[in-house]
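Okay, here's what each chain looks like letter by letter:
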Amino acid sequence: RVSTRSRVTRVTQAVADLQKAVPFLPTADHLAKWSNTSWRNFTALQQPEYPDQEELEKACAEIASYPPLVFAGECRTLQERLAQAATGEAFILQGGDCAEAFSQFNANRIRDLFRLILQMSVVMMFGGGVPIVKLGRLAGQFAKPRSANMEEKDGVSLPSYRGDIINGPEFTAEARTPAPWRLVKAYNQSAATLNLLRGFSTGGYAGLDRVTKWNLDFMANSEEGKAYTDLARRVDEAIAFMQACGLDMNSSVMKETEFYVSHECLLMGYEEALTREDSTSGLWYGCSGHMLWCGERTRQLDNAHVEYLRGIGNPIGVKVSDKMDPGQLVALIATLNPENTPGRLAVIVRMGATKLREKLPVLIEAVAAAGQVVAWVCDPVHGNTEEVKGYKTRRFENVKAEVEAFFDVHEQCNSVPGGIHLEMTGDNVTECIGGGACVSELDLSSRYHTHCDPRLNAEQALEMAFYVASRLRQ
Ligand code: PEP
Ligand code: MN
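Residues numbered from 1 in each chain as written. Chains lettered and ligands numbered in written order. Predicted model: local features only at pLDDT ≥ 70, side-chain atom pairs only at ≥ 80, totals over all residues.

- Per an unreviewed UniProt entry, the chain goes by the name Phospho-2-dehydro-3-deoxyheptonate aldolase and belongs to Chlorella vulgaris.
- Of the comments in the UniProt record for the chain, the one headed Sequence similarities (unreviewed entry) reads "Belongs to the class-II DAHP synthase family."
- Database annotation for the chain, UniProt heading Catalytic activity (unreviewed entry): "D-erythrose 4-phosphate + phosphoenolpyruvate + H2O = 7-phospho-2-dehydro-3-deoxy-D-arabino-heptonate + phosphate". (UniProt positions renumbered as here; feature names shortened; annotations may be inferred.)

Regarding the overall build of the chain
Part 1 of the argument: Helix and strand counts for the chain stand at 15 helices and 14 strands.
Part 2 of the argument: Taken against the 2.2 N^0.38 rule, which gives 23 Å for 474 residues, the C-alpha radius of gyration of the chain at 21 Å falls within 12% of a compact globule.
Part 3 of the argument: If you line up the chain on its principal axes, its C-alpha atoms span 65 × 55 × 45 Å.
Part 4 of the argument: The 474 residues of the chain split such that 49% are buried.
Part 5 of the argument: For the chain, long-range pairs separated by at least 24 residues make up 78% of all intrachain contacts whose partners lie at least 6 apart in sequence. (Helix = DSSP H or I, 4+ residues; strand = E, 2+ residues; numbered from the N terminus. Rg over C-alpha atoms; globule rule 2.2 N^0.38 Å. Buried ≥ 20, exposed ≤ 12 C-beta atoms within 10 Å, placed from the backbone. Contact = placed C-beta atoms within 7 Å.)

Things to note about the nonpolar core
Part 1 of the argument: One finds Met 124, Val 347, Val 349, Val 377 and Ala 461 to be the most contacted residues of the largest nonpolar core, which totals 123 residues.
Part 2 of the argument: It is helix α5 (residues 107-128) that contributes the most residues to this core, 11 residues altogether.
Part 3 of the argument: In contact with Met 124, other than residues within four places in its own chain, are Phe 91, Leu 93, Ile 132, Ala 465, Val 468, Ala 469 and Leu 472. (Core = buried A, V, L, I, M, F, W, Y, C linked by C-beta atoms within 7 Å.)

Quick look at the site of ligand 1
Part 1 of the argument: Close to ligand 1 lie Cys 98, Pro 145, Glu 264, Gly 295, Glu 296, Arg 297, Lys 319, Arg 350, His 382 and Asp 453, which account for all nearby residues.
Part 2 of the argument: Of the residues in the shell around ligand 1, the class split is 2 nonpolar, 2 polar and 6 charged. (Near = placed C-beta within 6 Å. Nonpolar A, V, L, I, M, F, W, Y, C, P; charged D, E, K, R; others polar.)

Brief notes about the UniProt feature "binding site: Mn(2+)" (unreviewed entry) in the chain
Part 1 of the argument: Using the residue numbers shown here, the UniProt feature "binding site: Mn(2+)" (unreviewed entry) corresponds to Cys 98, His 382, Glu 423 and Asp 453. For the annotated residues, spread through 356 residues, the largest C-alpha to C-alpha distance comes to 9.9 Å, consistent with a single compact locus.
Part 2 of the argument: Of note, Cys 98 is situated in the loop between β1 (91-96) and α5.
Part 3 of the argument: Residue contacts for Cys 98: discarding those within four places in its chain leaves Glu 423, Thr 450, Cys 452, Asp 453 and Arg 455.
Part 4 of the argument: Here Asp 453 is to be found in the loop between β14 (417-423) and α15 (458-473).

Below, the structure is given as C-alpha cells:
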C-alpha cells in the first residue's frame, strides 16, 4: 500500500513543472469569443420563465449597479489554496445548506454554521496534519436546478420551487411565479451574510485560542460533542506549548481565519449582473462568490453555463455523477482550464459508493493521463438521496460509505483526495437518518426544516469530520 505522504510527494512533483499558484490567465485565444454576456448565445438550461421581462431587466440592472460581493484578490488567494488541495498539501471543506432561505436568515444560524465549519476544520487539521480550506455553501446558494418544471398536488399543477432567489416554496400560484424582486433580496442577504462572516473570521471569534469555546450548546452531551471537547483540549495544550516556545498569540495565524463562500452558478441573469472587470489584472470575475460551480444538470460542453464559467477568473468547480464518461470529462476540463492552472478547477464527484468504486478510477486515470491538474472533491450527499415516509432524506451510513470509497479509490489510483463537499447545518435538525446522533425514520418529522435537500445536522457533520481526519492521517 502506498502511503499518503509518498503519493503527495509524487503528485507535488508532477505539478512542479506547471506554474504553481499563479492566477488563472486565459490566453487571448481562449477569451477571443468570450464576454460577460457571451453565454447568451448558448442554451441556458434550468432558467425560470419570468412573466415580465422588463421587470427582470430592471432588477438585474439594479444589481449591476451595486458593489461586488467578493473581490478578485480574494479569489486569487483561494485559487492558491485550492492548488495546494490538488496536491495534497491542503484539504477542502465545503459545506452549508442545499438552499439558503429568506425565512431562515438570521445571525445565529450563520454563526452556528460558521462555528461548525471551524470545529470540523480543527478536527481535520489536527487529525490530518494539513491546512483546511474553509468554503461555505453560503452567501449566494439560492438557485436550485429541478428535475421537473412542474409540481403536481391534488390535481393542481404549479411551477416547481427553484429556490428563494426565483420563487417561493409555498404551493400557491402566487408564490411559485418567478419574481425579479427576489434577485435583489438575495443580493442583500448575501451582502449581509458576507459582512457577518468577515467579522467572525477576522474579529477574534475564529482565533485558535477560542478552540474550546466553539462547541454548540446542544452538542455538549453528545458523543461527537465530547470527542470534540477532548480534541479541543489537546489543541489547547499544543498551543500552550507553542506559546511557551515563543509563538506570538497575537499573530494573524492565531487570531484570524480565511473563510470563502461558494454557490452553484445557475441563475445566469444574477451571475452576469455581478460579473466585473478587475482593474489590476484586466480579467473578469464572477463577484457573487469566491468559487462558483457548475451543476450536474448544466455542465454540457456547448451550453451557457460552461461558456460563462470558462471566461471568469475565479476558481471554479464542476459536479460529476456516474453519467460522466472519461473523454467527456477531459474535454470539459480542457475547456474550463485550458492553461491547466493548478487551483483553477475542482471536480466534485457525486455518485454513491457503489458506482463511485466502479466509475471514479477510470475518470482519475483519464485525467492523469491527460496531464490535467484538478482538486478531486467528494460530494457524498447528492448520490444518496432517497424518500422515506414522504421525506427526502439520506442515510448517514450511505454518505460515509461514499467518503470511504472516495478515499479507497484515490489510494488505489495513487491519486490525491482534495476535499469534501457536504450539505449540512449548524442547527439541530432531523433531516438525515443515522449516525451517532441516532436520528431514526420516525424522527424525520420532528425537526425537518430544509427547503430543498436534507442536511447533515451538526453531530452528523462532526462525526464525518472525525472520519475524514482518520483517513487523512493514514
Ligand atoms: C446541489 O449541490 O445542491 C446540487 C443540485 O447538486 P448536483 O448538481 O450535483 O445535483
Ligand atoms: Mn442539494
